[in-house]
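# Survey of secondary and tertiary structure
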Amino acid sequence: MLELVDIGRSYRVGPGEMHILRHLSLTVAAGELVSIMGGSGSGKTTLMNIIGLLDKPTSGQYRIDGQDVLKAEARELSRLRNRLIGFVFQSFFLLPRLNAWRNVALPLMYRGTPEAEARSRAIAMLERVGLGERTEHMPAMLSGGQKQRVAIARALVGEPRVILADEPTGALDPKVSQEIMDLFLALKREYGVLILIITHDPGVAAQCERQVVLANGVLTEVVPAC
Amino acid sequence: MLKRVVAEAAANLLASRQRSALALLGIVIGAAAVIAMLNVGAIARNETIRQFRQLGTDILTLRADGNMGLGHFQLSDLEALPLELLAVREVAPFVIGGGSAQHEGQVAHSSQLGITAAFAQVTRMRMREGRFISDYDRFELYAVVGAGLARQLSTPYAPIRVGSPLRIGRYVFTVIGVAEPMLHSPMMPVDIDSTLFVSIPNVRRIMFNPSLSMAILRMQPDADAEVVVGQLQRHLGPKLRDQRLSVQSARQLIAGMQNQMQLFTLLLGAVGAIALALGGVGVMNIMLVSIAERRREIGVRLAIGAQPGDIRTLFLAEAVLLSVTGGVLGIFLGIAGAWGFAWLSGWEFVISPTAAPLGAGVSVAVGIFFGFYPAVMASRLDPIEALRAE
Ligand SMILES: Nc1ncnc2c1ncn2[C@@H]1O[C@H](COP(=O)(O)OP(=O)(O)O)[C@@H](O)[C@H]1O
Ligand SMILES: [Mg+2]
């Protein structure tokens, strides 16, 4: 479903150029759960921004369902992000002035879904991630794990086909971290959504059916030991 | 959709109340100044119309100026004017002075006019009681009092009425008429409402060294004031010998007053415009600070699928809401200010029908004008950088 071919991304730093990604290729089929590991500064977030249509590579090709998305203009990219992709970030990035269900409903709002429908879908999604009791809570009143659940509900509410999670457990303790992983695994089975998890934690990576490592600007597939 | 945008903007503004209030202040002051300006203008216009409604605008006042102070007309020269000049309908010469009058222990100091019977016609004075001085009264010790003066001289037990005795100097006059209340006219050197009237022959009894130095004159309805002024100068000027004749027309006076009002209005308008511009800059500043603070929120919204236009609308709505709130408060403050002005000056308070819509319109315009740049800035943020922001 996602097809990255020969992707390069470099930043101009001072007089020279810094190549973060070089000749990187990756193909992921619909419904797969893939972990991406890599050292700090190796370019994981850069890669996620490219996959998430927030950034464009300096070279290479990127197709989603065969459509060349690098040719799409800004409005179309916004639309694709809204329909196709859900983001989960390390520090949750909930909007502090909106309560839980309004945070979750946001992607639907930008789609023009009527408020009543958006609300009931957001609340259903919060119930699914185990926060049915806290739909009116403000983000500041939620624990880290609960905030990440709200963020996951927000990523899923629009029924996207891809979830991009950038170190989703990085700010959580191991127990909560495992709960979040269990949630991802369950959601993958339930919705058949493609999930890309960027992580530092080998324990997290080990639970994914596919694992890749990003180093020196290229990806290497980890072949399962057994 | 609009409702949601406004609700969200309101919530965001309430979240940083103190800052919003500061930005509001500039707009409030600016809008209040503009509204006050429009209303004071309307009040003054209304007052001018009221003042001239009493006497009409076909009025001229004549004054003889000597080398030192007031000059002296011949009564016969003035009284001949309606016969000699076609455009003059009637003339009321008067002697002007002042002094105290006493009634039942009440003493009031007031202006005193020596007049002919024509005075009541020219000034459209009406009697509440009794009659005005007639030309046959001559040396009879008769007096007519204005409504205001009558009030001052009355006691609870002895109100001023026809027949009341008035002691003026060494003489005791009898009140033969009390006038109805009258507005002070800018065309008259004294406030008719609080004046005592006697016949011209009697002025020697109550004034020291009286002089017939003024007259008020009504023109024919179709007469051109400037032409009549010229005729009067040519006709009366030579008879005054070394004295000068000065003539003032109601129209001239109105024009002068309007000029003055316009200047005042313009000044206040300029102050209002500057305050509004400063308020607008305040709004812009608040919006820029708020956008800098909410970079990550903007990044999240863009990542989730907001179009740049959605972000622009969000921040523009905040700026406009801020300005409209300021504008509405400003309208109330401005009207209150105008009311205070009317109260202080004793003028009738009127609300200018253009003030409120104009104030609201101007503050919306300020919000859009000064909110547009920050809103566009916000909508052009790069989501990646916005998400990296701490
Ligand atoms: N806008 C930029 N300009 C220059 N260098 C950048 C920019 N964005 C990221 N980088 C660099 O790219 C490298 C990879 O960053 P990132 O993708 O965030 O790494 P990771 O998420 O794997 O920690 C880092 O060395 C970072 O300094
Ligand atoms: Mg990163």
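Residues numbered from 1 in each chain as written. Chains lettered and ligands numbered in written order. Predicted model: local features only at pLDDT ≥ 70, side-chain atom pairs only at ≥ 80, totals over all residues. Heavy atoms only, no water.

### Some remarks on the overall build of chain B
Counting its secondary structure elements, chain B contains 13 helices and ten strands. The C-alpha atoms of chain B give a radius of gyration of 32 Å, which is well past the 21 Å a tight globule of 390 residues would have. For chain B, with 390 residues in total, the buried portion stands at 51%. Excluding contacts between residues fewer than 6 apart, the proportion of contacts in chain B whose partners are at least 24 apart in sequence is 80%. Looking at chain B as shown, the accessible area adds up to about 18900 Å², and 60% of this sits on carbon and sulfur atoms. Taking the average place of the 33 positive charges on the side chains of chain B and the average place of its 28 negative ones, the gap between the two points comes to 3 Å. (Helix = DSSP H or I, 4+ residues; strand = E, 2+ residues; numbered from the N terminus. Rg over C-alpha atoms; globule rule 2.2 N^0.38 Å. Buried < 20%, exposed > 50% of the residue type's maximum accessible area, 1.4 Å probe, protein only. Contact = heavy atoms within 4.5 Å. Areas by Shrake-Rupley, 256 points an atom, 1.4 Å probe, with all protein chains shown as cover. Lys, Arg positive; Asp, Glu negative; His and termini not counted. Charge placed at Lys NZ, Arg CZ, Asp CG, Glu CD.)

### Concerning unusual backbone geometry
Residues and elements named next belong to chain A. The backbone phi angle of D6 is positive, close to 60 degrees, even though this residue is not glycine. Relative to the assigned elements, D6 resides in strand 1 (residues 2–13). Relative accessible area serves as the criterion here: at 38%, D6 is assigned to the partly exposed category. One non-glycine residue, H23, adopts positive backbone phi at about 45 degrees. On the secondary structure map, H23 appears in strand 2 (residues 16–28). Its relative accessible area of 58% is what places H23 among the exposed residues.

### Quick word on the pattern of salt bridges
Pairing of side chains with opposite charge becomes possible as their charged atoms draw close. The full count for this structure, using the stated rule, is 25 salt bridges over all chains. Measuring nitrogen to oxygen at the nearest pair gives 2.6 Å for the salt bridge that ties R128(A) to E190(A). Taken as a pair, R128(A) in helix 4 (residues 115–128) and E190(A) in helix 6 (residues 174–191) lie far apart in primary sequence, 62 residues in all. Using a relative accessible area of 45% as the deciding quantity, one classes E190(A) as partly exposed. Note that R294(B) is salt-bridged to E297(B), the shortest N-O span being 3.2 Å. (Salt bridge = Lys/Arg side-chain N within 4 Å of Asp/Glu carboxyl O.)

### Considerations on the site of ligand 1
Around ligand 1, a shell composed of Y11(A), M18(A), I20(A), G39(A), S40(A), G41(A), S42(A), G43(A), K44(A), T45(A), T46(A) and R388(B) is seen. Flanking ligand 1 are residues from chains A and B. The contact in question runs from a nitrogen atom of ligand 1 to an N or O atom on the side chain of Y11(A), over 3.4 Å. A distance of 2.6 Å separates an oxygen atom of ligand 1 from a polar side-chain atom of T45(A). Per element, the largest residue contribution to the shell around ligand 1 is three residues, and it comes from helix 1 (residues 44–51) of chain A. (Near = heavy atom within 4 Å. Polar contact = N/O pair within 3.5 Å; in protein donor to acceptor, adjacent residues only side chain to side chain.)

### A look at a nonpolar patch on the surface
Taken together, W339(B), W343(B) and L344(B) make up a surface patch of nonpolar side chains, about 450 Å² in accessible area. Looking at the secondary structure, you find W343(B) in helix 11 (residues 308–345). (Patch = residues over 30% accessible without salt bridge, like charges linked within 9 Å, V, L, I, M, F, W, Y side chains within 5 Å.)

### Things to note about the side chain of D58(B)
Residues and elements named next belong to chain B. Within the element layout of this structure, D58 appears in the loop between helix 2 (17–55) and strand 1 (59–65). Side chain to side chain, D58 and R218 meet in a polar contact 2.7 Å long. In contact with D58, other than residues within four places in its own chain, are L217, R218 and M219.

### Here's the deal with the sheet that holds strand 5 (residues 67–68) of chain A
Residues and elements named next belong to chain A. Ordered by their spatial adjacency, four strands build an open sheet running 2-1-4-5, and the pairing between neighbours is antiparallel. Two strands in the sheet have a free side with no partner beyond their single neighbour: strand 2 and strand 5. Across five bridges, the pairing between strand 1 and strand 4 (residues 59–64) is antiparallel. When the bridges of strand 4 are listed, E3 appears paired with R63. Running over the sheet, helix 1 touches strand 1, strand 2 and strand 4 and is turned about 125 degrees from strand 1. (Pairing = 2+ DSSP bridges. Axes fitted to C-alpha atoms, helices over the stretch in contact; angles between N-to-C directions.)

### Regarding helix 5 (residues 144–156) of chain A
For helix 5 of chain A, with 13 residues, the first-to-last C-alpha span of 18 Å sits near the 18 Å given by 1.5 Å per residue. Within helix 5 of chain A, eleven of the 13 residues are buried, which leaves it mostly tucked inside the rest of the structure. Residues of helix 5 of chain A that are buried: G145(A), Q146(A), Q148(A), R149(A), V150(A), A151(A), I152(A), A153(A), R154(A), A155(A) and L156(A). Those residues of helix 5 of chain A that are buried are in contact with strand 6 (85–88), helix 3 (100–109), helix 4, strand 7 (162–166) and helix 6 of chain A together with helix 10 (295–304) of chain B. (Expected span 1.5 Å × (residues − 1).)

### As for the interface of chain A and chain B
Contacts between the two partners involve 23 residues from chain A, matched on the other side by 21 residues from chain B. At the boundary of chain A with chain B, total buried surface from both sides reaches about 2100 Å², with 59% on carbon and sulfur atoms. Taken as a group, F93(A), R97(A) and Y110(A) account for 36% of the area that chain A buries against chain B, more than any other trio of residues on that side. Linking chain A with chain B are six residue pairs in polar contact (both at pLDDT 80 or more), by the criterion used here. Within the residue set of the side of chain A that touches chain B, elements represented by two or more residues are helix 1, helix 2 (74–84) and helix 3 of chain A. Of the residues forming the side of chain A that touches chain B, the biggest block, five residues, is contributed by helix 2 of chain A. Among the residues making up the side of chain A that touches chain B, the classes are represented as eleven nonpolar, five polar and seven charged. (Buried area = accessible area lost by both parts, 1.4 Å probe. Nonpolar A, V, L, I, M, F, W, Y, C, P; charged D, E, K, R; others polar.)

### Topic: the side chain of T195(B)
All names here are of chain B. With respect to the secondary-structure elements, T195 resides in strand 8 (residues 195–199). Residue T195 is classed as buried on the basis of its relative accessible area, which comes to 0%. A polar contact of 2.7 Å, which involves the side chain of T195, links it to the backbone oxygen of D191. Excluding anything up to four places from it in sequence, T195 contacts S111, Q112, L113, V144, V145, G146, L149 and V190.

### Considerations on empty space enclosed by the protein
Over the atoms, a rolled probe matching the size of one water molecule traces out where space is still vacant. On inspection of all chains with the given rule, the structure shows four cavities of 30 Å³ or more. Here the largest cavity defines a volume of roughly 90 Å³. For the lining of the largest cavity, the secondary-structure elements that each account for two or more residues are helix 2, strand 6 and helix 5 of chain A together with helix 10 of chain B. For the lining of the largest cavity, a count of residues per class yields seven nonpolar, three polar and three charged. Estimated volume of the second largest cavity: approximately 40 Å³. (1 Å grid on protein atoms, 1.4 Å probe; cavity = no way out; pocket = protein on both sides within 12 Å on 5 of 7 lines; lining within 4 Å. Points joined across faces, edges and corners; volume = space filled by probe spheres on them.)

Geometric values such as these leave the question of function open.
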